[in-house]
Amino acid sequence: MVGATGGIGAEVAAALADRYTLWLAGRDETELKEFAGKLPDAHCWQLDLAADPDISDNFPELFSVDVLVHCAGVFQLGDVAETDPAVWRELFAVNLFGVASVTRLLLPALRAARGRVVLVNSTAALGPPAHRAAYAASKTALRVFAEALHREELPNGVRVTSIYPGRVATPMQQTVRRMEGGRYEPERYLDPASVAGAVRSVLAAPPDTHLTELVIEPEWRP
Ligand SMILES: NC(=O)c1ccc[n+]([C@@H]2O[C@H](COP(=O)([O-])OP(=O)(O)OC[C@H]3O[C@@H](n4cnc5c(N)ncnc54)[C@H](OP(=O)(O)O)[C@@H]3O)[C@@H](O)[C@H]2O)c1
């Protein structure tokens with residue numbers, strides 16, 4: 001479970017805690033330990049997705065993994081003309097390269113369990129990218145990554161699902177609204193628990209089914 005300290009990630013971890021032994025991965029070890037202490041069976045994996053060499057240094061020895069959920073991510077608003085190269089690098093490091101590295105490291109254990117990979121993507125990968133090119137491009141690349149992984153791992157029994165939520169009421173959305181210069185209106189956005197519910201449903205799908213993509217938009221409110 002990567003991004004366990006985030007708005008969506010924490011809800012996903014809580015929603016899966018009664019069924020799985022969890023490994024909570026994230027940057028803040030203190031926060032992870034505190035969270036793990038509230039769950040029935042959870043361990044911590046200190047991990048900075050943007051610091052690629054550290055990923056394998058800290059890697060926990062896991063021989064069988066039923067589910068890998070990617071919930072970490074970073075956002076930045078900005079036109080192409082004003083987006084610094086460092087922003088492009090950070091967004092791709094976290095939203096794509098880190099995801100690819102962690103997935104690759106866990107693939108043998110996922111294959112051993114005929115496990116599942118769930119990637120929390122964004123409707124930004126499906127809609128117009130203007131004014132958020134770096135974020136939308138990183139999420140579009142994540143979609144391509146998921147498609148490749150899905151095709152390559154089918155013969156190994158690993159199933160891959162991308163979830164594309166619209167706006168979700170989390171700290172990231174507070175940042176998005178601040179950057180957009182608009183009010184943060186959580187009642188108009190998806191509840192992170194609903195996204196966690198979608199992850200649970202994907203994992204509860206019958207064994208003969210393979211949900212590859214799921215788009216979740218908030219209910220329209222006037
Ligand atoms: N909120 C939305 O409206 C929305 C909509 C569509 C899709 N999404 C996607 O959903 C996912 C979760 O978003 P959220 O709303 O839950 O955001 P959030 O509350 O801001 O949480 C982001 C998570 O990513 C982690 N993270 C950031 N940089 C990292 C790094 N370098 N290494 C490891 N972990 C890192 C954060 O850890 P720290 O605690 O260490 O910062 C945190 O756990 C993201 O991929 C986002 O793009 C969000």
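For the structure, see preceding data.
Conventions and cut-offs
Residues numbered from 1 in each chain as written. Predicted model: local features only at pLDDT ≥ 70, side-chain atom pairs only at ≥ 80, totals over all residues. Heavy atoms only, no water. Near = heavy atom within 4 Å. Polar contact = N/O pair within 3.5 Å; in protein donor to acceptor, adjacent residues only side chain to side chain. Areas by Shrake-Rupley, 256 points an atom, 1.4 Å probe, with all protein chains shown as cover. Helix = DSSP H or I, 4+ residues; strand = E, 2+ residues; numbered from the N terminus. Buried < 20%, exposed > 50% of the residue type's maximum accessible area, 1.4 Å probe, protein only. Arc of directions from axis to C-beta. Contact = heavy atoms within 4.5 Å. Salt bridge = Lys/Arg side-chain N within 4 Å of Asp/Glu carboxyl O.

Draft legend 1. Structural context of the site of the ligand. Taken together, 28 residues surround the ligand, and among them Thr5, Arg27, Tyr135, Thr170 and Gln173 come closest. A distance of 2.6 Å is found between an oxygen atom of the ligand and a side-chain nitrogen or oxygen belonging to Arg27. A distance of 2.6 Å separates an oxygen atom of the ligand from a polar side-chain atom of Tyr135. When isolated, the ligand has an accessible area of 900 Å², and the protein chains bury 90% of it. Counting only elements with at least two residues in the shell around the ligand, the list comes to helix H1 (7–16), helix H5 (133–153) and helix H6 (171–180).

Draft legend 2. Helix H2 (residues 29–37), seen in detail. Those residues of H2 that sit buried are Leu32, Phe35 and Ala36. With its buried residues spanning 100° around the axis, H2 presents them on a single face. Turned more than 90 degrees from where H2 packs its buried face, Thr30, Lys33, Glu34 and Gly37 sit exposed. Where H2 is buried, its residues meet H1, strand S1 (22–26) and strand S2 (42–46). Among the residues of H2, the N-terminal cap falls to Asp28, whose side-chain oxygen and the backbone nitrogen of Thr30 are separated by 3.1 Å.

Draft legend 3. How the structure looks around the pattern of salt bridges. Throughout the structure, instances matching the rule amount to ten salt bridges. Note that Glu180 is salt-bridged to Arg177, the shortest N-O span being 2.4 Å. Remark: Arg177 and Glu180 occur in helix H6; sequence separation between them is three residues, near one turn of the helix. By relative accessible area, Arg177 is classed as buried at 16%.

Honestly, that's just the spatial picture; any functional story needs more than this.
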